[in-house]
Amino acid sequence: MSAPSAPKAPEPTEIIESEDTTVACDGGGALGHPRVYLTLVEGRVMCPYCSRLFVLKGARAA
């Protein structure tokens with residue numbers, strides 16, 4: 001019997017470049033989500049609500 005595999009990370013809905021290591025996301029538009037402040041770790045972070053991916057401008061792709 002094999003161990004269950006870990007769930008895969010969701011695909012980003014949008015990729016946004018940032019010059020700052022702290023970003024705010026509200027989902028955009030009238031049907032967004034509560035504003036959350038996220039810190040880019042290792043040059044990237046994904047919003048837990050809408051799956052927008054924020055990447056540090058000039059950071060190398062992983």
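See the structure shown above.
Nothing here was measured: the structure is a model prediction, and the numbers come from that model.

## Notes on the pairing of strand β2 (residues 22-25)
Moving on, step 1. Because side chains alternate across β2, one face comprises the buried residues Val 23 and Cys 25, and the other comprises Thr 22 and Ala 24, none of which is buried.
Moving on, step 2. Where β2 lies against strand β3 (residues 36-39), four bridges are found, and the strand directions are antiparallel. Within β3, the residue paired with Thr 22 across the bridge is Thr 39.

## Quick word on the sheet that holds strand β4 (residues 44-46)
Strand pairs in the sheet, formed through backbone hydrogen bonds, run parallel or antiparallel to each other.
Moving on, step 1. Taken in spatial order, the three strands of this open sheet run β1-β5-β4, and their pairing is mixed. Strands at the two margins of the open sheet, each flanked by one partner only, are β1 (14-18) and β4. When the angles between neighbouring strand axes are averaged without regard to direction, this sheet yields 20°.
Moving on, step 2. The pairing of β1 with strand β5 (residues 52-56) spans five bridges and is parallel. Counterpart to Glu 14 in the pairing with β5 is Arg 52.

Criteria and cut-off values
- Residues numbered from 1 in each chain as written.
- Predicted model: local features only at pLDDT ≥ 70, side-chain atom pairs only at ≥ 80, totals over all residues.
- Heavy atoms only, no water.
- Buried < 20%, exposed > 50% of the residue type's maximum accessible area, 1.4 Å probe, protein only.
- Helix = DSSP H or I, 4+ residues; strand = E, 2+ residues; numbered from the N terminus.
- Pairing = 2+ DSSP bridges.
- Axes fitted to C-alpha atoms, helices over the stretch in contact; angles between N-to-C directions.

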